[in-house]
Amino acid sequence: MNIQKLWTWIDQNGERFEAVSDAVWGFAETCFTEHQSSKLQREVMEQEGFRITTPVCGMDTAFIAEYGSGTPVIAFLGENDALPAQSQCADAAEPKPLTPGGNGHACGHNLLGTGSMEAACAVKQYMEAAGISGTIRYYACPAEEGGGGKVFLAKGGAFDGVDAAVTWHPGSTNEISNGGIACVTASFHFTGKASHASGHPWLGRSALDAVELMNTGVQYLREHMLPSSRIHYAITNAGGDAPNVVQHEAEVLYVVRCKENSDLAELFERVCKVAEGAALMTGTTFDGPEIVSAYANRIPCDPMDDLMIHYMREMLPISYTQAELDYAAQFVPFGWQPEAESPIDRGFSDRKDVEIMGSTDLADVSWQIPLGECNTACCGIGTSGHTWMFTAQGKSSIAHKGMHSAAKVVAAAALELLTVPETLEKAKKDHQNRLAGKQYRSLMPDDKMPKGDQ
């Protein structure tokens, strides 16, 4: 296995994939609406000789690009969705929306999907030249940001027969990633009775009162849940702007998180009981909850982590010009680091035990097959995802270098899984051991359908 040959292909073809990433950045399509992004990627993969399957599991913007035949089957996972209200002019070091209120790639999924696709193409070229058997698949996965595209893929059997999966995520650091806690996002809708708030208040039943009482009840619930659990909410419908009208409807959106799936089901049920109580107290009715999305907790896999660590060490450090360092320095938050340190992460953390309190639909894949993931620096150090600063840096040469570097790691890891049976067997055995006595259960309802703009 000659990884330098693999990586040389990525170096020689990098500009093509930079153009794809920049185009997806410009499309900035959100949850289940990634039509232009998906179409562009499908066209590239068809040109590269991959067989295309679309739609997948009821999702029009999902596709699988496949090459080869037989076993093993290795998956590359990509994402293409942007975030609402994160529009930002490229390279602007101050808030400056490209489109006021518009979407933006504030989590770097334009890089993520393109980099995974780039890795798959590199491995395909290597397999052809070396006569390597096996199957590789690139999965274009919609709606990671709140829609749970990979949950629909996992529940729909899209990963049946796959032996392992590799992926990456853009960030401000170079490290591996193997965490993620379970979560459910659900909407609680209350219906009351409108009335004149001064003339006939006794005739009204306030749905907004029910929302506020639910929120108060959940505050008291916090004392009696696991310290590692999290609950957050947003009032998405306060019932209108007229204070002299008793609000006849109101709605609140909750996110409930726990480290384990089993704990999540119990805590979410308690939140639902609080909602029922709020409806009883106010004489309103409670519809729901309507589950928007639900993600499992992540199942780590030591051999997959070790594989990523090995090739991260081989790939690093990434070299930068002085102009790139000066560019990144504009985005480093004040007080983040001493001035003498680099404004771009030049190191590597190979820790496997970093506690991650976020959630991702990658976790549902990790219940199906061994999963390996790395993060590479694609922006100035300290830049937080889901902010205008990340969007601003998404077309920079720093972002492109991070994407190509991740593609090299992901490609090398996939090629070893294809060609070194011992590596794959270790990963599969570790995965089986971790799942012993556990059963995958998604809180996503079986009749839930993918829906855009959630």
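Everything discussed here concerns the structure shown above.
Worth saying up front: this structure is predicted, and the values here are computed from it rather than measured.

## Points about the state of the cysteines
- With the rule as written, the count across this model stands at zero disulfides.
- Between Cys31, a cysteine without a disulfide, and Cys183, which holds the nearest cysteine sulfur, the sulfur-to-sulfur distance is 13 Å.
- Here Cys301 is not cross-linked by a disulfide; its sulfur's nearest cysteine counterpart is in Cys374, at 15 Å.
- Under the relative-accessibility criterion, Cys301 is labelled buried at 0%.

## Concerning the pattern of salt bridges
- Applying the stated criterion across every chain, the model contains 16 salt bridges.
- Two residues, Glu66 and Arg137, come together in a salt bridge whose shortest N-O distance is 2.7 Å. Of this pair, Glu66 sits in strand E2 (residues 63–69) while Arg137 is found in strand E4 (residues 134–141), placing the two residues 71 residues apart along the sequence.
- In this structure, Asp446 engages Lys155 in a salt bridge whose closest nitrogen and oxygen atoms are separated by 2.9 Å. Of the two residues, Asp446 sits in the segment after helix H12 (421–435) while Lys155 sits in helix H4 (residues 149–155), which places them 291 residues apart along the sequence.

## Observations concerning the sheet that holds strand E7 (residues 182–191)
- Pairing is antiparallel across the open sheet formed by four strands, whose spatial order is E8-E9-E7-E10. Of all the strands in the sheet, the pair left with one neighbour each is strand E8 (230–237) and strand E10 (285–295). Neighbour to neighbour, the strand axes of the sheet diverge by 20° on average, direction disregarded.
- Strand direction decides the pairing type here: E8 and strand E9 (residues 249–258), joined by seven bridges, are antiparallel. Its bridge partner being in E9, Arg230 is matched across the sheet by Arg257.
- Docked against the sheet, helix H5 (residues 207–221) engages E7, E8 and E9, running at close to 20° with respect to E9.
- Strands E7, E8, E9 and E10 of the sheet are contacted by helix H6 (residues 261–282), whose axis makes an angle of about 10° with E7.

## Some words on the sheet that holds E4
- The mixed open sheet is built from seven strands, whose spatial order is E1-E2-E4-E3-E5-E11-E6. The strands lining the two open edges of the sheet, one partner per strand, are strand E1 (51–53) and strand E6 (175–176).
- The pairing of E6 with strand E11 (residues 371–377) spans two bridges and is classified as antiparallel. Bridge pairing in E11 places Ile176 opposite Cys374.

## Describing helix H2 (residues 35–47)
- Compared with the 18 Å implied by 1.5 Å per residue over 13 residues, the 18 Å span of H2 between its first and last C-alpha is a close match.
- Residues of H2 that are buried sit in contact with helix H1 (3–27), E1, E2, helix H3 (109–130) and E4.
- Backbone geometry just after H2 places Gly49 at a positive phi near 95°.

## Observations concerning the side chain of His105
- Of note, His105 is situated in the loop between strand E3 (73–79) and H3.
- His105 sits in the buried class, given a relative accessible area of 1%.
- At a separation of 3.4 Å, a polar atom in the side chain of His105 contacts the main-chain amide nitrogen of Asn110.
- Once you skip the residues sitting within four places of it in the chain, His105 turns out to touch Val24, Trp25, Ala28, Asn80, Asp81, Ala82, Asn110, Phe390 and Thr391.

## Quick notes on the pairing of E4
- Of all eight residues making up E4, eight are buried, and the element is well covered by its neighbours.
- Of the two faces of E4, the one carrying Gly134, Ile136, Tyr138 and Ala140 and the one carrying Thr135, Arg137, Tyr139 and Cys141 are both buried.
- Relative to E4, E2 runs antiparallel, the two sharing seven bridges. Considered in E4, the bridge of Ser69 is made with Gly134.
- Two strands pair when backbone bridges link them, and E3 and E4 are joined in this way by seven bridges, in the parallel orientation.

## Focus: the packing of H5 against H6
- Two numbers describe how H5 lies on H6: the axes approach to 8 Å, and their chain directions differ by 140°. Relative to H6, the element H5 lies oblique. Note on packing geometry: the crossing formed by H5 with H6 is right-handed. Of H6, the residues touching H5 (which contributes Asp209, Ala210, Leu213, Met214, Gly217, Val218 and Leu221) are Leu267, Arg270, Val271, Val274, Ala275, Ala278, Met281 and Thr282.
- A class-by-class count of the residues in the contact of H5 with H6 yields 11 nonpolar, two polar and two charged.

## Quick word on helix H8 (residues 322–329)
- Among all positions of H8, only Glu324, Leu325, Tyr327 and Ala328 are buried. All buried residues of H8 fall inside an arc of 160° around its axis, so they share one side. Seen from the open side of H8, the exposed residues pointing more than 90 degrees away from its buried face are Gln322 and Ala323.
- Those residues of H8 that are buried lie in contact with helix H10 (388–392) and helix H11 (397–419).

## A look at the packing of aromatic side chains
- One pass over the structure, following the stated rule, counts 12 aromatic pairs.
- Relative to Tyr440, the ring of Trp367 has its centre 6.1 Å away and its plane inclined at 45°; by these criteria the two rings are tilted. Highlighted residues: Trp367 in the loop between helix H9 (362–366) and E11 and Tyr440 in the segment after H12, separated in sequence by 73 residues.
- A residue is classified by how much of its surface remains accessible, and Trp367, at 8% relative accessible area, is buried.
- When the ring centre of Tyr126 is taken as origin, the NZ or CZ atom of Lys5, which lies over that ring, is 6.0 Å away.
- Positioned above the aromatic ring of Tyr67 is the side chain of Lys124, whose terminal nitrogen or guanidinium carbon lies 5.3 Å from the ring centre.

What counts, and at which threshold
- Residues numbered from 1 in each chain as written.
- Predicted model: local features only at pLDDT ≥ 70, side-chain atom pairs only at ≥ 80, totals over all residues.
- Heavy atoms only, no water.
- Disulfide = S-S within 2.5 Å.
- Buried < 20%, exposed > 50% of the residue type's maximum accessible area, 1.4 Å probe, protein only.
- Salt bridge = Lys/Arg side-chain N within 4 Å of Asp/Glu carboxyl O.
- Helix = DSSP H or I, 4+ residues; strand = E, 2+ residues; numbered from the N terminus.
- Pairing = 2+ DSSP bridges.
- Axes fitted to C-alpha atoms, helices over the stretch in contact; angles between N-to-C directions.
- Contact = heavy atoms within 4.5 Å.
- Expected span 1.5 Å × (residues − 1).
- Polar contact = N/O pair within 3.5 Å; in protein donor to acceptor, adjacent residues only side chain to side chain.
- Parallel < 35°, antiparallel > 145°, perpendicular 65-115°, else oblique.
- Left-handed = near helix turned anticlockwise from the far one by under 90°.
- Nonpolar A, V, L, I, M, F, W, Y, C, P; charged D, E, K, R; others polar.
- Arc of directions from axis to C-beta.
- Phe/Tyr/Trp six-rings, centres within 6.5 Å; stacked < 30°, edge-to-face > 60°.
- Lys NZ or Arg CZ within 6 Å of the ring centre and 35° of its normal.

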